[in-house]
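Close look at the chain arrangement
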Amino acid sequence: MKEDEKTMTKSELIARLAERNQRLVARDADEAVKTILDAMSAALAEGNRIEIRGFGSFALNYRPPRVGRNPKSGERVPVPAKHVPHFKAGKELRERVDGTAGNGMPTEAVDS
């Protein structure tokens, strides 16, 4: 990660949620974020797919078993099969991150 890149933490997300909703106490914002994240984690753990329109979808990708190598010794090591979480950004999120509003125009030009 580059030095100038900023990472939003869960506590910053909670603070921003409480800031944007004045009637929401920070403790309630904390509980709301934790509840959402717990529900999403549980759904993925059960093998379900999560789709949030305009944002993206979370799913599990299957990784078959393979033979890897220990980088220190070079020894062959069996790596078991596993499911890994995968996020695919939705169209609206991709356009927002890209700075366009779906028509090739910068979002600043569309918002004005």
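Right, let's walk through the structure included here.

Procedures and definitions
The written sequence of each chain sets the order in which its residues are numbered from 1. Side-chain atom pairs in this predicted model are given and counted only at pLDDT of 80 or more, local residue features only at pLDDT of at least 70, and totals for whole chains, interfaces and linings cover all residues. Only heavy atoms go into the side-chain values, all of them from the structure, while hydrogens and water stay out. Each reported salt bridge corresponds to a side-chain nitrogen of Lys or Arg within 4 Å of a carboxyl oxygen of Asp or Glu. Segments assigned H or I by DSSP are reported as helices when at least four residues long, segments assigned E as strands when at least two residues long, and all are numbered from the N terminus. Whether two strands pair comes down to DSSP finding at least two bridges between them. Grouping buried Ala, Val, Leu, Ile, Met, Phe, Trp, Tyr and Cys residues that are joined through side-chain atoms within 4.5 Å yields what is termed a nonpolar core. The cut-offs for exposure are 20% and 50% of the maximum accessible area for each residue type, with area from a 1.4 Å probe on protein chains only; residues under the lower value are buried, those over the upper are exposed, and the others partly exposed. A contact between two residues is defined here by any heavy atoms of the two lying within 4.5 Å.

1. Regarding the pattern of salt bridges
Overall, the coordinates contain four salt bridges when judged by the stated rule. Linking Lys-34 and Asp-30 is a salt bridge whose minimum nitrogen-to-oxygen distance equals 3.4 Å. Residue Lys-34 and its partner Asp-30 are located together in helix H2 (residues 26–45), separated by four residues, close to a single helical turn.

2. As for the pairing of strand S3 (residues 66–69)
In this structure, S3 lies alongside strand S4 (residues 76–79), joined through four bridges in antiparallel fashion. Considered in S4, the bridge of Arg-69 is made with Arg-76. Taking the residues that link successive antiparallel strands as the turn, the S3-S4 hairpin has six residues, and the phi of Gly-74 there is positive, at about 80 degrees.

3. Topic: the nonpolar core
Formed by Met-40, Ala-43, Leu-44, Ile-50 and Phe-58, the largest nonpolar core amounts to five residues. Among the elements that line this core, the one with the most residues is H2, at three residues.

4. Here's the deal with the environment of Lys-88
Mapping Lys-88 onto the fold places it in strand S5 (residues 82–89). On the accessibility criterion, Lys-88 (54% relative accessible area) is exposed. Not counting chain neighbours up to four residues away, the residues in contact with Lys-88 comprise Gly-56 and Ser-57.

5. As for the environment of Lys-10
Position of Lys-10 among the secondary structure elements: in helix H1 (residues 10–20). By relative accessible area, Lys-10 is classed as partly exposed at 42%. Residues Lys-10 and Asp-30, spaced 20 residues apart in sequence, show a C-alpha to C-alpha distance of 8.9 Å. Those residues in contact with Lys-10 that lie beyond four places of it in its chain are Val-33, Lys-34 and Leu-37.

6. A look at the environment of Ile-50
Locating Ile-50 in the fold gives a position in strand S1 (residues 50–52). Overall, the relative accessible area of 11% leaves Ile-50 in the buried class. Ile-50 sits 37 residues away from Phe-87 along the chain, and the two C-alpha atoms are 9.4 Å apart. Not counting residues within four places of it along the chain, the set of residues in contact with Ile-50 comprises Met-40, Ala-43, Leu-44, Gly-56, Ser-57 and Phe-58.

Spatial relationships are all this shows, so hold off on functional conclusions.
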